[in-house]
Amino acid sequence: GDSVTQMEGPVTLSEEAFLTINCTYTATGYPSLFWYVQYPGEGLQLLLKATKADDKGSNKGFEATYRKETTSFHLEKGSVQVSDSAVYFCALSGSNYKLTFGKGTLLTVNP
Amino acid sequence: GAVVSQHPSWVICKSGTSVKIECRSLDFQATTMFWYRQFPKQSLMLMATSNEGSKATYEQGVEKDKFLINHASLTLSTLTVTSAHPEDSSFYICSATNQLSNQPQHFGDGTRLSIL
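Residues numbered from 1 in each chain as written. Chains lettered and ligands numbered in written order. Predicted model: local features only at pLDDT ≥ 70, side-chain atom pairs only at ≥ 80, totals over all residues. Heavy atoms only, no water.

## Some words on the pattern of salt bridges
All names here are of chain A.
- Scanning all chains against the criterion turns up six salt bridges over all chains.
- E63 serves as the salt-bridge partner of K56, at 3.6 Å between the closest nitrogen and oxygen.
- Since its relative accessible area comes to 35%, E63 is described here as partly exposed. (Salt bridge = Lys/Arg side-chain N within 4 Å of Asp/Glu carboxyl O. Buried < 20%, exposed > 50% of the residue type's maximum accessible area, 1.4 Å probe, protein only.)

## Looking at the sheet that holds strand β7 (residues 67-73) of chain B
All names here are of chain B.
- Ordered by their spatial adjacency, four strands build an open sheet running β1-β3-β8-β7, and the pairing between neighbours is antiparallel. Each edge of the open sheet carries a strand with a single partner, namely β1 (4-7) and β7. Strand-to-strand twist in this sheet, taken as the mean axis angle between neighbours without regard to direction, amounts to 15°.
- Bridging between β1 and strand β3 (residues 19-25) involves four bridges; their strand directions are antiparallel. Bridging from a neighbouring strand, S5 pairs with R24 of β3. (Pairing = 2+ DSSP bridges. Helix = DSSP H or I, 4+ residues; strand = E, 2+ residues; numbered from the N terminus. Axes fitted to C-alpha atoms, helices over the stretch in contact; angles between N-to-C directions.)

## Thoughts on the environment of G110 of chain B
- Positionally, G110 of chain B belongs in the loop between β10 (106-107) and β11 (111-115).
- Judged by its relative accessible area of 2%, G110 of chain B falls in the buried class.
- Leaving out residues up to four positions away in the same chain, G110 of chain B has contacts with G43 of chain A together with Q6, P8, S9, F91, Y92 and I93 of chain B. (Contact = heavy atoms within 4.5 Å.)

## Notes on the pairing of strand β5 (residues 32-38) of chain A
All names here are of chain A.
- Of all seven residues in β5, seven are buried; the element is thus mostly enclosed.
- Side chains S32, F34, Y36 and Q38 of β5 all project onto a buried face; the interleaved residues L33, W35 and V37 project onto the opposite face, where all are buried too.
- Both β5 and strand β10 (residues 86-93) contribute to a ladder of seven bridges, which runs antiparallel. Each residue of the ladder has a partner; that of L33, found in β10, is L92.
- Examined bridge by bridge, β5 and strand β6 (residues 44-50) share six bridges and lie antiparallel to one another. Pairing of L33 across the sheet is with A50, part of β6.
- Counted along the chain from β5 to the antiparallel partner β6, the turn is five residues long, and its residue G41 has a positive phi close to 75°.

## A few points about the sheet that holds strand β3 (residues 19-21) of chain A
All names here are of chain A.
- Spatially, four strands are ordered β3-β9-β8-β7 in an open sheet, and the strand pairing comes out antiparallel. A strand with exactly one partner marks an edge of an open sheet, and here the two such strands are β3 and β7 (56-59). Along the sheet, successive strands turn relative to each other by an average axial angle of 15°, direction set aside.
- In this sheet, strand β9 (residues 75-77) lies alongside strand β8 (residues 62-65) in antiparallel orientation, the contact comprising three bridges. Bridging from a neighbouring strand, F62 pairs with K77 of β9.

## Comments concerning the state of the cysteines
- Scanning all chains against the criterion turns up two disulfides over all chains.
- Between the sulfur of C23 of chain A and that of C90 of chain A lies a disulfide, 1.9 Å long from S to S. Taking the torsion about the sulfur-sulfur bond, which here is approximately -70°, the covalent link between C23 of chain A and C90 of chain A counts as left-handed. With C23 of chain A in strand β4 (residues 23-26) and C90 of chain A in strand β10, this pair connects stretches of sequence that are 67 residues apart.
- Judged by relative accessible area, which is 1%, C23 of chain A ranks as buried.
- When its relative accessible area of 1% is taken as the criterion, C90 of chain A is described as buried.
- Note that C23 of chain B is cross-linked by a disulfide to C94 of chain B, the S-S spacing being 2.0 Å. (Disulfide = S-S within 2.5 Å.)

See the structure below:
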């Protein structure tokens, strides 16, 4: 079945540091890929998505590129802020529209 | 962007009580809604998929009679936790999508359920 493996946290960075959270997937067919962010006590917000190979999703300074050859969708940001502290989930959606989530990565950004 | 409203955000009740959680899509028609459960510091576990006007499809291991799901309109789905017990305490999150327009899932803010 489909699965998502993402970098285990927690990740702690200083403000303005470079962020990478690795995500790889296993799926049949051609899934869509997503990054969701969850702030404490809240639901999930869609951060970015990519629907086909070589697509780059971007939002709020975050980027991720759909790499079919390496089955990866790593999340990057060049300069993190304290307000980026949250849990980040990588996810994929197959033909049945169900989302399969990774375990989540807690990011803490210190001033 | 698309908005999904979930209510209540927090509920505390006694063991044996039934609790209803509402999930509404405010600015789009949701052909499909999903219900998830999240344990502390863990990922989301899909409980069931609900298509408007039809019975929900439950994931393996989820008790249909314990977690009743209704999706009677294109903007509202409800999850009722029947005869709740302390082990049902959790964070429940809904999401909604319109598959006809190939939307991504949009999530509610979640409901924290605490059973005493």
